[in-house]
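Tertiary structure, described
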Amino acid sequence: MDARIRPMWPGARVSGRAFTVRTPPGQHPSVKEALEIAGPGDVIVIDGAGFLERALWGDRLSLRAQERGIVGIVVDGAVRDVALIEELGFPVFAVASIPTAPQTDLAGEVGTVIECGGRRVEPGDLVVGDADGVVVVPAAAVDDVLGRLPRVAPPAGG
Ligand SMILES: O=C([O-])CC(=O)C(=O)O
Ligand SMILES: [Mg+2]
C-alpha cells in the first residue's frame, strides 16, 4: 500500500486475512457491521476513501475486535484514541488520527473487492504490516510468496 498508510503506534505489527469494508467518507455503520462478522485471524481493511475529517475507529472498537480474535485493522482514512489503542496493543494502520466522531447514517459494503492505500484488496488476501507500512499479497499468490521466503531469509544463527 502507498506510504500514507502508517502504523498508529511504534512497534505495531500485523499479519492476517483481509476482511474488507468500503464505507462512504466518515460513515460508521459498515465498520461496526464488519466488527461483528470478521473473526479470528482476520485483519479488517477499510476503504474509507482517504477521508481524514472523521475517525472511523477508536479504542472501544479495538477492544471489541480483540474480544473477537480480529488481529488488526488497516484504514484508508482516520482513527482516534491512539494512546489507548497503543495501551491495548491492538495493531492499527491508518493515514492519520483526528478526535472527530464518525457519522452513523450511511452504510457501505462488507466482503467485497475494495481499494485501500492505492491497492486492490480482495477478501482473504494476506495483509502484513509493520513499521515500514502495509503490503497485500493476493490470496492466489500466498503459497508462491511463502515458498520463496527461505531463499531470502538470513542463514540460521546469522
Ligand atoms: O466512535 C467510535 O465508535 C470510534 C471510537 O471512538 C472508539 O471505538 O472508541
Ligand atoms: Mg473512542
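Computed from a prediction, not measured in an experiment: that's the story for all the values here. Numbering of residues begins from 1 in every chain and follows the order in which that chain's sequence is written. Chains carry letters and ligands carry numbers; both start at the beginning, A for chains and 1 for ligands, and go up in the order they are written. Local features in this predicted model are restricted to residues of pLDDT 70 or higher, and side-chain atom pairs are both shown and tallied only at a pLDDT of 80 or more, whereas totals for entire chains, interfaces and linings draw on every residue. No hydrogens and no water enter the side-chain calculation; it runs on all heavy atoms of the structure.

Structural notes on the pairing of strand 4 (residues 72-79)
Note the threshold: Burial status follows relative accessibility: with a 1.4 Å probe on protein chains alone, a residue under 20% of its type maximum counts as buried, one over 50% as exposed, and anything between as partly exposed. Helix and strand definitions here come from DSSP, where helices need a minimum of 4 consecutive H or I residues and strands a minimum of 2 consecutive E residues; each element is numbered from the N-terminal end. The criterion for strand pairing is that DSSP finds at least two bridges linking the strands in question. Crossover handedness is defined here as right-handed if the route from the first strand over the helix to the second strand goes clockwise, with the strands pointing away from the viewer.
For strand 4, the tally of buried residues reaches eight of eight residues, placing the bulk of the element in the interior. In the sheet, strand 3 (residues 42-55) pairs with strand 4 via seven bridges, with the strands oriented parallel. For I46, the partnering residue across the bridge sits in strand 4 and is V75. Here strand 4 runs beside strand 5 (residues 92-94); their pairing, made up of two bridges, is parallel. Looking at the pairing, V74 lines up with F93 of strand 5. For the crossover that starts at strand 4, traverses helix 3 (residues 82-88) and ends in the parallel strand 5, the hand is right-handed. Pairing of strand 4 with strand 6 (residues 96-97) involves two bridges; the strand directions are parallel. For V79, the partnering residue across the bridge sits in strand 6 and is S97.

Section: the UniProt feature "binding site: Mg(2+)" (unreviewed entry) in the protein
Cut-off, in case you're wondering: UniProt positions are given in the numbering used here, feature names are shortened, and annotations may be inferred rather than shown by experiment. Contacts are residue-level and defined by heavy atoms, with any inter-residue pair within 4.5 Å sufficient. Two N or O atoms form a polar contact when they lie within 3.5 Å of each other; inside protein one atom must be a possible hydrogen donor and the other a possible acceptor, and for residues adjacent in sequence the pair counts only when both atoms belong to side chains.
As annotated in UniProt, the feature "binding site: Mg(2+)" (unreviewed entry) corresponds to D81 in the numbering used here. Here D81 shows up in the loop between strand 4 and helix 3. For D81, a relative accessible area of 30% puts it in the partly exposed group. When residues no more than four places from it in sequence are discounted, the contact partners of D81 are G58 and D59. A polar contact is formed between the side chain of D81 and the backbone nitrogen of D59, at a distance of 3.0 Å.

Things to note about the pattern of salt bridges
The condition is simple: Whenever a carboxyl oxygen of Asp or Glu lies within 4 Å of a side-chain nitrogen of Lys or Arg, that contact is scored as a salt bridge.
Enumeration over the complete set of coordinates arrives at nine salt bridges. With a closest N to O distance of 3.1 Å, R4 and D2 form a salt bridge. Residue E36 is joined to R64 by a salt bridge in which the shortest nitrogen-to-oxygen separation is 2.7 Å. Residue E36 is located in helix 1 (residues 29-37), and its partner R64 is located in helix 2 (residues 59-67); the two are separated by 28 residues in the primary sequence. By relative accessible area, which is 41% here, E36 ends up partly exposed.

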